[in-house]
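Remarks on the overall topology
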Amino acid sequence: MALKIAGTTIALFVLTSWLWGQPVPFLSEEEYDWLSNEISGDAAYEHIRYFTQFHRGGGTPGLMEVAKYVERRAREYGLERVRLIKQDYRRAGWACRYGEIWITSPQIELLASTNQVRLHLADYSRTTHLQKVELIDVGSGIQETDYEGKEVEGKIVVAFGSARQVMKHAVWERGAVGLVSYPNPSVPGYPVNSLNRPDQIHWGRIPVDDGEDKQGTFGFQISARQGLELVKLLKSEETVTARVDIEADFSDEKW
């Protein structure tokens, strides 16, 4: 067994060494050396760290801030004919100033906040201020059976289905005030491999309106772990209430 392991290790070392020494067919050795000396993982990390300060959805000022940053740095690096080209965004311009949802009973607990993770608030959520609103679990929130025996009017639904569809079924059709969304824990890989990354927050968006007379309200995004813990709390307590504070702007301005 030891000989097999040693042989495998030697083979991998030889193969790795051989692959490492392969030349780049499209560059001369001098060009390759120049390129290698200019590449910096630290610099790339600093760029990404700057980007993560902003939510960069379409039609958001955060996206424009990052675009301006890239333009500026490109000029600093000596690139020529650098231009920032602005294009019309056909959807509504939207910007979030802040958004939070707190559980207020049976205990006080911060459930989601844009001060922690920008993606906690779904795109196109509207300015909302609510006190002591009841939370209710509706499973996926997109099947008729999810609502059997449940009264959701005036409540915040907790669901793992598509936020767009939950908005339709829970808010527009049944009078819920908004939703809390989390990744489906029963399907590996959906939407961001939730079983392997239980604390990851996925990016979500609710519809601006239904195309007629109903507007989208709000949606919060929480992790799969948070979602399962919240559902467990809802099953163990007769009533769970929350407070919601959101300040967001819609605009036709092209940032």
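Just above sits the structure.
Residues numbered from 1 in each chain as written. Predicted model: local features only at pLDDT ≥ 70, side-chain atom pairs only at ≥ 80, totals over all residues. Heavy atoms only, no water.

**Brief notes about the overall build of the protein chain**
- Counting its regular elements, the protein chain contains 6 helices and 7 strands.
- When the helices and strands of the protein chain are read in sequence order from the N terminus, they spell out α-α-α-α-β-β-β-β-α-β-β-α-β.
- Contacts spanning at least 24 positions in sequence make up 60% of the contacts within the protein chain whose residues lie at least 6 apart. (Helix = DSSP H or I, 4+ residues; strand = E, 2+ residues; numbered from the N terminus. Contact = heavy atoms within 4.5 Å.)

**Brief notes about the nonpolar core**
- Counting 42 residues, the largest nonpolar core has I101, L135, V157, V180, F220 and L230 as the members making the most contacts within it.
- No other element matches the 6 residues that helix α5 (residues 163-172) contributes to this core.
- V180 has contacts with I101, L111, L135, I156, V157, V158, A159, F220, I222 and L230, leaving out every residue within four places of it along the chain. (Core = buried A, V, L, I, M, F, W, Y, C linked by side-chain atoms within 4.5 Å. Buried < 20%, exposed > 50% of the residue type's maximum accessible area, 1.4 Å probe, protein only.)

**Some remarks on the side chain of E100**
- For E100, the location among the structural elements is in strand β1 (residues 93-105).
- This buried residue, E100, is left without a salt bridge; R243 holds the nearest opposite charge, at 4.6 Å.
- When neighbours within four sequence positions are excluded, E100 is seen to be in contact with A112, S113, N115, F220, R243, V244 and D245. (Lys, Arg positive; Asp, Glu negative; His and termini not counted. Salt bridge = Lys/Arg side-chain N within 4 Å of Asp/Glu carboxyl O.)

**Thoughts on the environment of E148**
- In this fold, E148 is placed in the loop between β3 (128-137) and β4 (156-159).
- Look at E148 and you get exposed, because its relative accessible area is 58%.

**Some remarks on the packing of aromatic side chains**
- This model, assessed by the stated rule, comprises 6 aromatic pairs.
- Aromatic pair Y50 and Y69: ring centres 4.2 Å apart, planes at 20 degrees, arrangement stacked. Here Y50, found in helix α3 (residues 41-51), pairs with Y69, found in helix α4 (residues 61-76); they are 19 residues apart in sequence, far enough to count as distant.
- Relative to F250, the ring of Y124 has its centre 6.2 Å away and its plane inclined at 25 degrees; by these criteria the two rings are stacked. In this pair, Y124 sits in the loop between β2 (109-113) and β3 while F250 sits in strand β7 (residues 241-251), placing the two residues 126 residues apart along the sequence.
- Residue Y124 is classed as buried on the basis of its relative accessible area of 3%.
- Relative accessible area serves as the criterion here: at 29%, F250 is assigned to the partly exposed category.
- The structure contains a cluster of three or more aromatic residues connected by ring pairs, namely Y50, F51 and Y69.
- The ring of F250 has R126 sitting right over it, with the charged end atom 4.4 Å from the ring centre. (Phe/Tyr/Trp six-rings, centres within 6.5 Å; stacked < 30°, edge-to-face > 60°. Lys NZ or Arg CZ within 6 Å of the ring centre and 35° of its normal.)

Such coordinate-based values are descriptive only and should not be taken to indicate function.
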